[in-house]
Amino acid sequence: MVKISVIIPIYNVENYIEECLDSVINQTLKDIEIICVNDGSTDGTLNILERYAKKDNRIKLINQENSGLSVSRNVGLDHATGEYVCFLDSDDYFELESFEELYNIASEKKLDFVFFKLINFDDETKVKERYEYFDLEYLKDVVGDKVFNYNDVSNIVFSISVTAPGKLFNHDFIRGMRFPEGLIYEDNPFFIEAMFKAKRVYLYDKYLYNRRVRSTSLTRSNTEKFSDCISIFNLLTDITKSFGLYDKYKVNLYNKKLYNTYRIFKLVNEEDKEDFFNKINEDFSNFQEEYESDPVFNALNNKLKLIFRSGIYSETYEEFELTIENHELRLKNKDLKKKNSNLKKEIKSIKTFNEQILNSNSWKITKPFRKFVNIFRS
């Protein structure tokens, strides 16, 4: 059995795939297999893959019709034979010592999976920049250098980076787990299932993965798929229920679904908003009776409840959006009025203090001395 199977879903990345593959075939850990799932590329990617496969027999090249990222990862899992599994996006690359260090840590500590750090780099400038979500300092503050599980990170479990390429998984541990097919944001349910299932998790506090940021990436160009988030949030609820943890994380799930559905809705192109709103309306209407009969839901803040109810009762996406924006504007104005009122009180207090000084005996007594000093200053 090889030590690590690295799964690389690949689609039309002829400008990046060589750098990606070089970072894998040149790893200091040699006992690996490289599963390249070509997802129907139409550029020169396949020629490059075939050339690399001829040079390195560790590469397994699988060709399929274009089916999406989740299908490609699942196909990779079906073909993986390694003791551990990791995922690599085809326009990114690993540091060359990554697999050796991760394998040693995972095997020594008998981990179900290990987190490691990702760093963004700009496709054009190549400048690297840390990003808090992938930096994992918020996780480190909680767990330090200890092996942990979801109970140890209960307060942030739904805020941790879900990205599949940021972990090394024990193959036996994830055997049978799948990425939901046909949806974007597919990392979310896979991660939450892994997190609730795992007994031994560890954070390796080192940047091992270089994540390319480019304007043509999937999540920047295909906003018509952004409404998939609704299905993803419902999957998160189903998974949480399957582990008997729904009551414990109900508030987190409500917050994540309602806040993020609206946040993502605001990001989509104008031509995609009507379809997105229709899906919001359908989903929220389906859950109306369940949510509104739940005391936990009714204890949520007013904005979240407004997002939910306006998603049901608004007749158009414009009305839905305007309702939330007006609520936010009223809150902002209320905050400004409060700050203005506090400022007026502060100014009034300072004036009162100044008047007290001007009318004090000590100020009057020292008046000639101040005039004398000012003569020398002029």
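This text gives an overview of the structure that appears in the document. (Residues numbered from 1 in each chain as written. Predicted model: local features only at pLDDT ≥ 70, side-chain atom pairs only at ≥ 80, totals over all residues. Heavy atoms only, no water.)

Side note on the packing of helix α10 (residues 228-242) against helix α11 (residues 246-267)
Short version of the rule: For helices, the axis comes from a line fit to the C-alpha atoms of the stretch in contact; other axes are also lines fit to C-alpha atoms, and the angle between any two N-to-C directions lies between 0 and 180 degrees. Put simply, DSSP marks the helices as runs of H or I at least four residues long and the strands as runs of E at least two long, and each gets a number from the N terminus on. Orientation categories follow fixed angle ranges, with anything under 35 degrees roughly parallel, anything over 145 roughly antiparallel, 65 to 115 roughly perpendicular, and all other angles oblique. It only takes one pair of heavy atoms within 4.5 Å for two residues to be counted as in contact. Gly falls in the polar group here, along with every residue not listed as nonpolar (Ala, Val, Leu, Ile, Met, Phe, Trp, Tyr, Cys, Pro) or charged (Asp, Glu, Lys, Arg).
Interaxial distance between α10 and α11 falls to 10 Å at its minimum, and their mutual angle equals 175 degrees. Of the possible angle classes, the one that applies to α10 and α11 is roughly antiparallel. Contact residues: α10 offers C229, I230, F233, N234, L236, T237, T240 and K241, while α11 offers Y246, Y249, L253, K256, K257, N260, T261 and I264. Of the residues that constitute the contact of α10 with α11, the class distribution is eight nonpolar, five polar and three charged.

Describing the environment of R309
Note on placement: R309 falls in helix α14 (residues 302-313). When the C-alpha atoms of R309 and F284 are compared, they prove to be 7.9 Å apart, with 25 residues separating the residues in sequence. Those residues in contact with R309 that sit more than four places away from it in its chain are E292, F297 and N298.

A short note on the pattern of salt bridges
Quick note on the threshold: Counted as salt bridges are all cases of a side-chain nitrogen of Lys or Arg within 4 Å of a carboxyl oxygen of Asp or Glu. Classification of residues uses two cut-offs on accessible area relative to the type maximum, computed with a 1.4 Å probe and protein chains only: under 20% is buried, over 50% is exposed, and between them is partly exposed.
Per the stated rule, a full pass over the model turns up 28 salt bridges. Between E325 and K266 there is a salt bridge, and its shortest N-O distance comes to 2.6 Å. A residue pair is termed long-range when its members are at least 10 positions apart, and E325 in helix α15 (residues 317-358) and K266 in helix α11 qualify at 59 residues. Taking the relative accessible area as the measure of exposure, E325 reaches 30% and is therefore partly exposed.

Re the pairing of strand β6 (residues 113-122)
Inclusion rule: For two strands to be treated as a pair, DSSP must find no fewer than two bridges joining them.
Among the ten residues that make up β6, nine are buried, leaving the element largely enclosed by the rest of the structure. Examined bridge by bridge, β6 and strand β9 (residues 201-213) share ten bridges and lie parallel to one another. Looking at the pairing, F115 lines up with L203 of β9. Pairing of β6 with strand β7 (residues 128-129) involves two bridges; the strand directions are antiparallel. By the bridge assignment, N120 is partnered in β7 with E129. Once β6 ends, the chain turns through five residues before running back antiparallel as β7, passing K126 with a positive phi of about 70 degrees.

Things to note about the nonpolar core
Defined as follows: Remark: nonpolar core denotes a set of buried residues (Ala, Val, Leu, Ile, Met, Phe, Trp, Tyr, Cys) joined through side-chain atoms within 4.5 Å.
Grouped together as the largest cluster of nonpolar side chains are 70 residues, with contacts concentrated most on F113, F115, L139, I160, M195 and F276. Looking at this core element by element, the count peaks at eight residues for α11. Setting aside residues no more than four positions away along its own chain, M195 makes contact with F113, F115, F148, N149, Y150, V153, V157 and V201. With 38 residues, the next largest nonpolar core counts I25, I59, Y103 and I105 among its residues.

Remarks on the packing of aromatic side chains
The description of two aromatic rings rests on the distance between their centres and on the angle between their planes. Keep this limit in mind: Put simply, two rings from Phe, Tyr or Trp (the six-membered ring, in Trp's case) pair if the centres are within 6.5 Å, and we call them stacked under 30 degrees between planes, edge-to-face over 60, tilted for the rest. A ring is considered to have a charge above it if a Lys NZ or an Arg CZ atom is located within 6 Å of its centre and within 35 degrees of its normal.
Tallied over the full model, the rule gives 36 aromatic pairs. Geometrically, the ring pair formed by F94 and F116 is tilted, given 5.9 Å between the ring centres and 50 degrees between the ring planes. Here F94 is found in strand β5 (residues 93-94), whereas its partner F116 is found in strand β6, with 22 residues between them in sequence. The buried category is assigned to F94, whose relative accessible area is 1%. Residue placement shows R73 over the ring face of F87; its charged tip is 5.8 Å from the ring centre. Over the face of the ring belonging to F265 we find K273, whose NZ or CZ atom lies 5.4 Å from the ring centre.

Spatial relationships are all this shows, so hold off on functional conclusions.
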